[in-house]
Every structure is written in structure tokens, then in C-alpha cells.
Amino acid sequence: MEITPYYQKSIECLHCKKQFKTTKVRSKFVKVDSYTSDFQPIYQNKEINPLLYNIFVCNHCGFSFTEEFSKYFAPGMNDEIQKKIANKWVPRSYGNERSIDDGINTYKLGIFCGTIKKEKSINIAGLALRTAWLYRLQQKHADERRFIGIARDRYADSYSSGDFSGTQMSETRVLYLIAELSRRIGDVEYAIRYFSKVIEKQSTSLEPKIVEMAKDRWQEIRDNKNKSASAYLCPDRQMGREGILSTPHPVATDA
Ligand SMILES: [Zn+2]
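Residues numbered from 1 in each chain as written. Predicted model: local features only at pLDDT ≥ 70, side-chain atom pairs only at ≥ 80, totals over all residues.

1. Topic: the overall build of the protein chain
If you tally the helices and strands in the protein chain, you get 9 helices and 6 strands. Within the protein chain, buried positions represent 35% of all 255 residues. Long-range pairs, those at least 24 residues apart, make up 57% of the contacts in the protein chain between residues at least 6 apart in sequence. (Helix = DSSP H or I, 4+ residues; strand = E, 2+ residues; numbered from the N terminus. Buried ≥ 20, exposed ≤ 12 C-beta atoms within 10 Å, placed from the backbone. Contact = placed C-beta atoms within 7 Å.)

Following this line, the structure appears as C-alpha cells:
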């Protein structure tokens with residue numbers, strides 16, 4: 001019997017507790033060629049995208065969630081979800097193969113439900129970033145940028161509250177993503193500030209590769225600056241944390 005890339009899995013809804021089917025991709029069909037600078041996986045087989053299947057959408061009540069959502073519902077939360085989501089849900093199924101548009105819709109549902117349920121910022125950030133990647137596949141740049149901005153803000157919230165701790169996301173990764181997503185939306189000041197925070201951690205971080213990536217991005221930003229600014233902007237890598245920390249904001253050098 002031929003094995004297909006997809007299989008169906010039964011899921012219990014966190015809200016209404018009913019069962020529904022969702023589609024998953026068999027891992028043997030998923031091979032990653034490379035990653036972009038914001039960790040988007042580029043798959044060898046462009047036809048099969050497991051990112052489309054991360055969100056479980058309950059076809060009974062509309063509550064949409066991922067494996068990362070907590071099982072805990074704060075008091076009153078179920079009533080609120082019933083009012084804001086389930087009562088307005090027009091039953092439909094996302095249980096079969098999904099198009100990119102379907103995938104985007106499911107992520108938006110996940111962000112909406114996760115926000116109402118007050119899921120951790122780190123989780124909402126991850127959903128927004130994946131939404132941006134799907135828009136990138138469609139070359140819808142304005143939408144991609146909008147969701148990159150949402151992801152950046154939620155990662156910044158997560159860094160302030162520390163709610164990433166205990167998840168798979170390290171502090172180094174969170175800082176790097178805040179910086180890189182800021183760079184992508186043209187918020188250069190923010191990007192420099194947060195790349196610096198990553199580079200500061202080079203002696204203690206368990207993720208030297210991310211620190212190196214931060215240095216590369218930093219270098220790119222520096223290369224894009226005009227020559228007069230570069231004198232201030234250019235802490236040599238060997239200068240270490242002092243040089244980087246004391247770097248003035250490049251805009252100030254234009255005056
Ligand atoms: Zn449900």
C-alpha cells in the first residue's frame with residue numbers, strides 16, 4: 001500500500017471537548033533545505049507544507065489552538081470563548097488538506113482564540129510569524145510585513161514578561177527575533193538595540209550560531225549605512241561588548 005504524505009488525527013477540543021479530525025503531515029515527507037534569517041523553513045518539496053497544519057480548528061465550536069496552548073482556562077474564560085467565538089461560529093471544517101489561504105485563516109483564528117484565552121505572548125508571536133511566512137510564500141508583502149510587526153511586538157512582550165522561559169525558545173532566540181523582525185520592517189534603531197543584546201550574550205549563550213547570525217545581520221545593517229555614519233557604527237567584532245554597547249545611534253551621526 002502506498003503511503004500518502006498526509007494522515008488524519010483525532011483531536012479533542014480544549015473548549016467544547018468534542019472530537020474532530022485534523023490533517024497532519026508524515027515527518028518522513030518533510031525535509032528542510034534551509035532556513036531564512038527569521039527561521040522560516042524552506043522545504044525541499046514545495047507541495048507539502050507542514051506549517052499549514054499546526055492549528056487545530058474545532059469544526060463544532062470554532063475554537064482554534066495548537067499543541068502549545070495550555071489546557072488551563074482561567075475562571076470565566078469558557079464563557080467568554082462561548083460568547084466571542086462559539087456563538088458566532090458558522091460550522092465549517094479545516095480538517096482536510098489546506099491551501100495557503102486556508103492555512104492563513106487557521107492562523108488568524110488561532111491568534112484570535114489565543115488572544116482571548118490569554119495564551120503566552122511567545123505562543124501568539126510564533127503564530128503571527130508563521131502567518132507572515134505564509135503571506136511571504138504568496139508574495140503578499142504588505143500582509144507579510146503587518147504580521148512580522150505583530151510578531152515582533154509579541155516577542156518583545158514575551159521578553160519583558162519572561163513568558164518564553166520553559167518553552168523551546170531561548171532568550172537568545174527571542175532577542176534575535178525581535179531584532180531581525182525589526183530589521184525586516186525597517187525599524188533599524190530597534191534592530192540594532194536588540195542585535196546588540198544578542199551579541200552581548202556571546203560568552204554565555206548556549207547558541208553561538210544565533211550570536212553569529214546576529215553579528216552577520218549587524219554587519220549588513222552597518223554596510224547599508226553611509227560612510228560618515230560607519231565610523232561610529234563600527235565596533236569591530238574583536239572590540240567585544242564594550243564597543244557594541246557604547247555604539248551611538250547611527251541617526252545621531254547624520255546631524
Ligand atoms: Zn470545540
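Once you've had a look at it, read on.
2. Some remarks on the pairing of strand β2 (residues 19–25)
When strand β1 (residues 6–12) meets β2, the two strands line up antiparallel, connected through 7 bridges. Paired with Ser-10 across the bridge in β2 is Lys-21. Taking the residues that link successive antiparallel strands as the turn, the β1-β2 hairpin has 6 residues, and the phi of Lys-17 there is positive, at about 70°. (Pairing = 2+ DSSP bridges.)

3. Focus on the nonpolar core
Core analysis: the biggest nonpolar cluster contains 56 residues, and Ile-178, Val-198 and Ala-214 have the highest contact counts within it. Every element with two or more residues in this core is listed here: β5 (56–57), α2 (100–116), α3 (121–137), α4 (141–161), α5 (171–184), α6 (188–200) and α7 (208–224). If one sorts the elements of this core by residue count, α3 sits on top with 10 residues. Apart from residues no more than four positions distant in its own chain, Val-198 is found in contact with Thr-172, Leu-175, Tyr-176, Ala-179, Ile-210, Val-211 and Ala-214. (Core = buried A, V, L, I, M, F, W, Y, C linked by C-beta atoms within 7 Å.)

4. Re the packing of α3 against α4
Contact geometry for α3 and α4: axes closest at 8 Å, N-to-C directions at 160°. By the criterion of interaxial angle, the relationship of α3 to α4 is roughly antiparallel. Of the two elements, α3 crosses α4, and the hand of that crossing is left-handed. Together, Ser-121, Ile-122, Ile-124, Ala-125, Ala-128, Leu-129, Thr-131, Ala-132, Tyr-135 and Arg-136 of α3 and Asp-143, Glu-144, Phe-147, Ile-148, Ile-150, Ala-151, Arg-154, Tyr-155, Asp-157, Ser-158 and Ser-161 of α4 make up the contact between the two elements. Within the contact of α3 with α4, the residues separate by chemical class into 12 nonpolar, 4 polar and 5 charged. (Axes fitted to C-alpha atoms, helices over the stretch in contact; angles between N-to-C directions. Parallel < 35°, antiparallel > 145°, perpendicular 65-115°, else oblique. Left-handed = near helix turned anticlockwise from the far one by under 90°. Nonpolar A, V, L, I, M, F, W, Y, C, P; charged D, E, K, R; others polar.)

5. Here's the deal with the environment of Leu-177
Structurally, Leu-177 can be placed in helix α5. Overall, the presence of 25 C-beta atoms within 10 Å leaves Leu-177 in the buried class. It is 9.8 Å that separates the C-alpha atoms of Leu-177 and Leu-129, two residues lying 48 residues apart in sequence. Not counting residues within four places of it along the chain, the set of residues in contact with Leu-177 comprises Asp-38 and Tyr-155.

6. Some details on the environment of Ile-48
Its place among the elements puts Ile-48 in the loop between β4 (41–43) and β5. Here Ile-48 falls in the partly exposed class, since 17 other C-beta atoms lie within 10 Å of it. For the pair formed by Ile-48 and Val-30, sequence separation is 18 residues and the distance between their alpha carbons is 7.5 Å. Excluding residues that lie within four positions of it along the chain, Ile-48 makes contacts with Pro-5, Val-25, Phe-29, Val-30 and Tyr-43.

The values reported here are purely geometric and, on their own, carry no functional implication.
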